[in-house]
Amino acid sequence: MIYVIACVAAIAGLLFGYDEGIIAGALGPLHAQFDISPLQEGLMTATVPLGALAGAAVGGWLAAPFGRRSLLMGAAVLFVIGALVCALAPSILVLSLGRLLLGFAIGVAALIAPLYISEMAPAATRGMLVSIYQLAITLGIFGAYLVDFGVGDSWRIMFATAVIPGILLFAGVSFLTDTPRWLVLRGRRQEAGEVIAHVQGRGASDPSVTGELAAIELAARAETSTAGWRELFGPLVRPALLVGTGLFLLQQLSGINAVIYFAPTVFARAGFSDTANQLLATVGIGAVNVVMTLVAMALIDRIGRRRLMFIGFAGAALSLGLIAVAAGTGAPDLQWLSLIGLVLYIASFAIALGPLPWVMMSEIFPLRLRGLGMGAASLTNWAFNFLVVLTFPVLLQALGLAGVFSIYALVCVAGLVFTARYVPETSGLTLEEIEAHLKAGKPFRALGLMPRAA
Ligand code: BGC
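Each helix and strand counted, the protein chain has 19 helices and zero strands in total. In terms of principal-axis extent, the alpha carbons of the protein chain reach across some 65 × 45 × 40 Å. Pairs at least 24 apart in sequence give 81% of the contacts found in the protein chain among residues at least 6 apart. For the protein chain, the exposed surface amounts to about 17,200 Å²; the carbon and sulfur share of it is 70%.

So this is what it looks like as structure tokens:
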């Protein structure tokens, strides 16, 4: 049952990735049809992260009063409308407005879908289940690259195909209930018990069902006042806020979307002169992203979050460094060194830097502040996504591939230090155990490294 729930919520991730990736191939045919200035092009590309920034801001506030399920359904409706506006757009202005709407829906869904999954999932498989969401993002990007490659000049078809997963998301979520944790917060205890029993596949009076319900109620009861930003920045929750936002800042400044949005451009700079080869290499990058996310899912609840994070940052720093050195020294094999470097970079990203910020943001905040905390983490994600996408073309021109990738490599080195100093180990712990540790004021970093209470 839980896998069905995770898959439906993850359709939101598919839409996210699809709408991110599609612009890479759509830019060419759009240029052929419209007279687009560089400023218009930059703005049109960055409207998705910009809209998502607004969506994440609003989604954080609305998660508590409206519930996770209604917000996902609302986002699905916006996805469909946004895709139609883009597909039928008579001008670049309308297309940009359509993308702004899509971005808004992505911002809401990107916040609510992992929250929904983590609040439904049992502790033992929560990391893997939230990673389904990241897997869906990578599948969406890969699908978009394939469509870009396959439909040639028909940019309207590229945008229109996003309507289908939008409808699927709406239909799928309409069959699901809200999460037991939100139901408890609204005082709907009996329904919460029924949902837990359904997810666990046991009777409502089974001890494991009543035990989970009691733990959620305890966490909810400890909180009576209204959740607010001040509390989020307060001394008890601040360590979680630092980790939630810090991981996304590092994820984005590692340069991932310079590669995702502009892969053909990067390959052109690295010596692939033929457009078809650039697009083919781009599809290859998309495939490695998917496969390594699957590997991450197999490892995440087994070898732990921290160890994976170290592997990811180290691999990303080394591979970005390799590309920077090859490009900076004008190595005769630049083309192949860059290809190897980019494959290793995407693999390192997908195994850790991609899924882990999503997983951890959904588990480290206390229940009552979870919507708000995840909102803040998502805002960080989109703000730095926007910054990287907007600045990459300018930086590339000013500093060259070697200069830009050196900056991203240094960010990954900083990621190693950040992980060592601040990131706790959360695998195998229940959301309530994590919350209890945080509220006890114990050092957050010590979580998971201390002996567990029997
Ligand atoms: C990031 C996206 C990125 C994607 C690539 C996600 O975790 O948040 O910005 O495009 O991974 O797979």
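On to helix H7 (residues 163-174), then. When the terminal C-alpha atoms of H7 are compared, their 17 Å separation across twelve residues agrees well with the 16 Å that a helix rising 1.5 Å per residue should span. Here H7 has its buried residues at Val163, Pro165, Gly166, Leu169, Gly172 and Val173. Next to the buried residues of H7 lie helix H1 (2-33), helix H3 (68-88) and helix H6 (155-160).

Bringing the confidence of the model for the protein chain into the picture now. When the pLDDT values of the protein chain are averaged, the result is 86; 96% of them are 70 or greater. Predicted confidence in the protein chain is weakest over helix H10 (residues 207-221), with a mean pLDDT of 76, and strongest over helix H12 (residues 238-253), with 96.

Before going further, it helps to spend a moment on the site of the ligand. Near the ligand there are 13 residues, and of these Glu20, Gln134, Gln251, Asn257 and Trp358 occur at the shortest range. Contact between the ligand and glutamate 20: an oxygen atom at 2.7 Å from a side-chain N or O atom of the residue. Measuring from an oxygen atom of the ligand, one finds a side-chain N or O atom of glutamine 134 at 2.8 Å. Here the ligand has 310 Å² of accessible area as a free molecule, and 100% of this is covered by the chains. Secondary structure elements with two or more residues in the shell around the ligand: helix H5 (126-150), H12 and helix H18 (370-422). Looking at the shell around the ligand, the element that brings in the most residues is H5, giving three residues.

A separate point is a nonpolar patch on the surface. Together, Leu50, Leu93, Leu97 and Leu100 line one region of the surface with nonpolar side chains, adding up to about 360 Å² of accessible area. No other element matches the three residues that helix H4 (residues 92-120) contributes to the nonpolar patch. The topology assignment puts leucine 93 in helix H4. For leucine 93, a relative accessible area of 61% translates into the label exposed.

One way to put it is that helix H14 (residues 275-299) packs onto helix H16 (residues 334-353) with a least axis distance of 7 Å and a crossing angle of 35°. Of the two possible hands of crossing, H14 and H16 adopt the one that is right-handed. Counted together, Ala281, Ile285, Val288, Asn289, Met292, Thr293, Val295, Ala296 and Leu299 of H14 and Leu339, Leu342, Val343, Ile346, Ala347, Ala350 and Ile351 of H16 form the full contact between these two elements. Across the contact of H14 with H16, the residue classes tally to 14 nonpolar, two polar and no charged.

In this section: H1. Look at H1: 46 Å from first C-alpha to last across 32 residues, which is about the 46 Å you get at 1.5 Å a residue. Bending of H1 peaks at approximately 45° at the position of alanine 26, with proline proline 29 no more than four residues after it. Burial analysis of H1 places 24 of its 32 residues in the buried class, the great majority of the element.

Membership of the largest hydrophobic core comes to 155 residues, with the highest contact counts inside it found for Leu30, Leu95, Tyr133, Phe159, Phe392 and Phe405. Two domains each donate at least three residues to this core, and these are domain 1 (2-176 + 223-446) and domain 2 (179-222). Apart from residues no more than four positions distant in its own chain, phenylalanine 392 is found in contact with Ala258, Phe262, Val266, Val404, Phe405 and Tyr408.

Turning our attention to the packing of aromatic side chains. Within this structure, the stated rule accounts for ten aromatic pairs. By way of ring pairs, the aromatic residues Phe16, Tyr133, Phe248, Trp358 and Trp382 are connected into one cluster.

Bring the parts together and some accessible area is lost; that lost area is often taken as the interface size. The domain architecture assigned to the protein chain consists of domain 1 (2-176 + 223-446) and domain 2 (179-222). Relative to domain 2, the C-alpha centre of domain 1 lies at a distance of 31 Å. On the domain 2 side, the residues contacting the 19 residues of domain 1 number 14 residues. Around 1,400 Å² of area is buried between domain 1 and domain 2 when both sides are counted, 60% of it from carbon and sulfur atoms. For the pair domain 1 and domain 2, the interface holds one salt bridge. Where domain 1 meets domain 2, there are one residue pair in polar contact (both at pLDDT 80 or more). Looking at side-chain class alone, the side of domain 1 that touches domain 2 contains ten nonpolar, two polar and seven charged residues.

What counts and what doesn't
Residues numbered from 1 in each chain as written. Predicted model: local features only at pLDDT ≥ 70, side-chain atom pairs only at ≥ 80, totals over all residues. Heavy atoms only, no water. Helix = DSSP H or I, 4+ residues; strand = E, 2+ residues; numbered from the N terminus. Contact = heavy atoms within 4.5 Å. Areas by Shrake-Rupley, 256 points an atom, 1.4 Å probe, with all protein chains shown as cover. Expected span 1.5 Å × (residues − 1). Buried < 20%, exposed > 50% of the residue type's maximum accessible area, 1.4 Å probe, protein only. pLDDT = per-residue confidence, 0-100. Near = heavy atom within 4 Å. Polar contact = N/O pair within 3.5 Å; in protein donor to acceptor, adjacent residues only side chain to side chain. Patch = residues over 30% accessible without salt bridge, like charges linked within 9 Å, V, L, I, M, F, W, Y side chains within 5 Å. Salt bridge = Lys/Arg side-chain N within 4 Å of Asp/Glu carboxyl O. Axes fitted to C-alpha atoms, helices over the stretch in contact; angles between N-to-C directions. Left-handed = near helix turned anticlockwise from the far one by under 90°. Nonpolar A, V, L, I, M, F, W, Y, C, P; charged D, E, K, R; others polar. Bend = angle between axes of the 7 residues up to and from the residue. Core = buried A, V, L, I, M, F, W, Y, C linked by side-chain atoms within 4.5 Å. Domains from an automatic or database assignment. Phe/Tyr/Trp six-rings, centres within 6.5 Å; stacked < 30°, edge-to-face > 60°. Buried area = accessible area lost by both parts, 1.4 Å probe.

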